[in-house]
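# Notes for the structure review
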Amino acid sequence: MKNKELDQITHKVEEATHRVWRLVRGILLYFIGTVALTAFAYTIFALVFSTDVERRLHRENKMYEQLLPELEPRQQLLSDAVEVLEDKDNRIYDRMFHAAAPSVDPMSSLDFLFASDTIPDTKLVSYVRDKSDALVSRVPDIDAAFEKIIRTIADSSFVMPPMSMPLKDVSYPQVGASCGSKMSPFLKAYVQHGGIDLIVNRGTDVYATAAGVVGEGTGRSKTSGNTVVIRHDGGYSTMYAHLDNVTVSRGQRVRRGQKIGTVGMTGKAFAPHLHYEVHKDSLVLDPVHHFFSDVEPQDYANYLYMSVNTLQSMD
């Protein structure tokens, strides 16, 4: 027999189980209402008030929005440089191995950048601050260097070294290895490279980078091919190697910008290019440092980057 009891509200006799379910339903409705009201109150509070963390994140987002326009051109420049290097690699592999260069992700070494979201903000701020402080600390040294340059130029005994390009309209992907230990395409080993390789088409005109006299060393050799050596004032000399033909002769005085020959691949040359050297007495100078007065600052920076990071010489 089922248990029955008197409902105090309706004054009816009902089964006890009905009252239990009404009680459970009331509790559930109360719980759901409480949760909904709490969520609504939190939403209103979050829309009206901001915590310290939220305000800090908002400021950081504003800072990143300002930095983004500056980073996008740099990213595009890197992408363009990677495309140029990939094309250069493909051409070199095609000539040497008659095959395409291996497909390697050029950004694989930069995987740490994509984990930047996991780097604490304090470390990022500390890194940027340290870099900025390091740059600021070098300002006095840079000012002193400029003052030294100005004093040197103002000296009546100063002789201007060769400071122009031996070729016209050279883009930075055409700049090859400069001075230092470079891989020889013939020996397949690292050897000392005493000049800079400028990779251009055969027959491109070559110009004297400063006034001087065509001197000893001009002629033809097994390694340098057709070569022109020009002696300049102040103990400077310049050498132009692997020429296709030479339009000056030994003992001839030439002026800056005068044509002295054309680019070729005579002697031991892997491909048509100009091998250009600058000397001061017995010292071997890096030619790329003698280009900045003849090109735009951005071009000079790109030349410098390519000459330092290209490890494969062309002779």
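Just above, that's the structure.
Residues numbered from 1 in each chain as written. Predicted model: local features only at pLDDT ≥ 70, side-chain atom pairs only at ≥ 80, totals over all residues. Heavy atoms only, no water.

### A few points about unusual backbone geometry
Even without being glycine, Asp169 reaches a positive phi, approximately 55 degrees. Mapped onto the elements, Asp169 comes out in the loop between α4 (139–154) and β3 (180–183). (Helix = DSSP H or I, 4+ residues; strand = E, 2+ residues; numbered from the N terminus.)

### Considerations on a nonpolar patch on the surface
A cluster of nonpolar residues, Trp21, Val24, Leu28, Phe31, Ile32 and Val35, forms a patch on the protein surface that exposes about 650 Å² of accessible area. Along the chain, Ile32 falls in helix α1 (residues 16–48). Owing to a relative accessible area of 53%, Ile32 belongs among the exposed residues under this scheme. (Patch = residues over 30% accessible without salt bridge, like charges linked within 9 Å, V, L, I, M, F, W, Y side chains within 5 Å. Areas by Shrake-Rupley, 256 points an atom, 1.4 Å probe, with all protein chains shown as cover. Salt bridge = Lys/Arg side-chain N within 4 Å of Asp/Glu carboxyl O. Buried < 20%, exposed > 50% of the residue type's maximum accessible area, 1.4 Å probe, protein only.)

### Focus on the packing of aromatic side chains
Following the criterion strictly, the structure yields three aromatic pairs and no others. With 5.3 Å between their ring centres and 45 degrees between their planes, Tyr240 and Tyr276 make a pair best called tilted. With Tyr240 in strand β10 (residues 236–246) and Tyr276 in strand β13 (residues 274–280), the pair connects residues that are 36 residues apart, well separated along the chain. The residues Tyr240 and Tyr276 share a single accessibility class, namely buried. Ring centres of Phe292 and Tyr300 lie 5.7 Å apart, and the angle between their planes is 65 degrees; this geometry places the pair in the edge-to-face category. In textbook terms, an aromatic cluster arises when at least three aromatic residues are bridged by ring pairs, as seen for Tyr240, Tyr276 and Phe291. Lying over the aromatic face of Tyr236, Lys280 brings its terminal NZ or CZ to 5.4 Å of the ring centre. (Phe/Tyr/Trp six-rings, centres within 6.5 Å; stacked < 30°, edge-to-face > 60°. Lys NZ or Arg CZ within 6 Å of the ring centre and 35° of its normal.)

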